[in-house]
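# What the coordinates show
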Amino acid sequence: MLSMHKESDLCKTRLLVAGGYDSRLVENVEHISELSREAKRLSHRKSVTFLPSISSNRKRKILMESLCLLYTPMEEHFGIVPLEAMSVGTPVIAVDSGGPKETVENEETGFLCSSSSKEFAEVMYRLCNDPKLASSIGSSGQYHVCRNFDRTEFGVKLSKIVEGVLKSS
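As the structure is a prediction and not an experimental result, all values here were calculated from the model.

### Description of the overall build of the protein chain
Across its full length, the protein chain carries seven helices and six strands. Overall, the protein chain shows an N-to-C arrangement of helices and strands of β-β-α-β-α-β-α-β-α-β-α-α-α. For the protein chain, the spread of C-alpha atoms along the three principal axes comes to 60 × 40 × 30 Å. Each of the 169 residues in the protein chain was classed as buried or not, and the buried ones make up 31%. Computed over 22 positive and 22 negative side-chain charges, the inter-centroid distance for the protein chain is 6 Å.

Structure representation (structure tokens):
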């Protein structure tokens, strides 16, 4: 998540690496350690915060206060996190593969990028320097989630699918 706070005329950003962590999984422990070392090596330790295990309430609060969500998993099967961000009006910047291709409408409800850090940085820069764009994308994302992914709508769609399957049997 990218958190932005306005200080004078400067856009001060912080990167929060939050959630998705299970200390029982060696891969998780190694990955967060690697990211922490890299942040320190690049002298970004003060602008990067690691919150590996957070409650749902804290995650929601952080998402609501963030400029955008960076979603980097490749070939993620669905990925609920982009929907959680959009549901509170936070724009999503995601890798253009897997689940986000199904849930994020590029340049309307968020941004789909290649896995290149340059593309992610360009979109982050755009959002940081254009609060109206960030707000517009966030609002569109929130509407998109309400229209397509709320429980009632999902139940209606699921019922139609089940009815179709039963009729064709």
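### A word on the layout of surface pockets
A volume near 1,700 Å³ is recorded for the largest pocket. In this structure, the largest pocket is lined by 49 residues; those nearest its centre are Leu 15, Val 17, Leu 35, Leu 70 and Thr 72. Of all the elements in the fold, those that place two or more residues in the lining of the largest pocket are strand S2 (10-18), helix H1 (26-41), strand S3 (48-51), strand S4 (69-71), helix H3 (81-87) and helix H5 (117-129). Partitioning the lining of the largest pocket into residue classes produces 28 nonpolar, 15 polar and six charged. Taken as a whole, the second largest pocket spans an internal volume of roughly 170 Å³. Lining the second largest pocket, in full, are Phe 78, Ile 80, Leu 83, Glu 84, Ser 87, Val 145, Phe 149 and Phe 154. Among the secondary structure elements, those contributing two or more residues to the lining of the second largest pocket are H3 and helix H6 (131-149). By residue number, the principal contributor to the lining of the second largest pocket is H3, which donates three residues. Partitioned by chemical class, the residues of the lining of the second largest pocket number six nonpolar, one polar and one charged.

### Side note on H6
Taking 1.5 Å per residue as the helical rise, H6 with its 19 residues ought to reach 27 Å, and the 26 Å between its terminal C-alpha atoms agrees with that figure. Listed as buried for H6 are Leu 133, Ala 134, Ile 137, Gly 138, Gly 141, His 144, Val 145 and Asn 148. The buried residues of H6 occupy an angular sector of 130 degrees when projected down its axis, which confines them to one face. Along H6, exposed side chains directed more than 90 degrees from the buried face belong to Pro 131, Lys 132 and Tyr 143. Looking at the buried side of H6, the elements it contacts are H3, helix H4 (100-103), strand S6 (110-113), H5 and helix H7 (151-168).

### Re the confidence of the model for the protein chain
Looking at the protein chain as a whole, the pLDDT averages 88, with 92% of positions reaching at least 70. The weakest mean pLDDT in the protein chain belongs to strand S1 (residues 2-7) at 48; the strongest belongs to S6 at 97. In this model, residues 5-10 is a region of pLDDT below 50 whose contacts with residues beyond four sequence positions or in other chains number four contacts.

Here is what the cut-offs are and how they apply
Residues numbered from 1 in each chain as written. Predicted model: local features only at pLDDT ≥ 70, side-chain atom pairs only at ≥ 80, totals over all residues. Heavy atoms only, no water. Helix = DSSP H or I, 4+ residues; strand = E, 2+ residues; numbered from the N terminus. Buried < 20%, exposed > 50% of the residue type's maximum accessible area, 1.4 Å probe, protein only. Lys, Arg positive; Asp, Glu negative; His and termini not counted. Charge placed at Lys NZ, Arg CZ, Asp CG, Glu CD. 1 Å grid on protein atoms, 1.4 Å probe; cavity = no way out; pocket = protein on both sides within 12 Å on 5 of 7 lines; lining within 4 Å. Points joined across faces, edges and corners; volume = space filled by probe spheres on them. Nonpolar A, V, L, I, M, F, W, Y, C, P; charged D, E, K, R; others polar. Expected span 1.5 Å × (residues − 1). Arc of directions from axis to C-beta. Contact = heavy atoms within 4.5 Å. pLDDT = per-residue confidence, 0-100.

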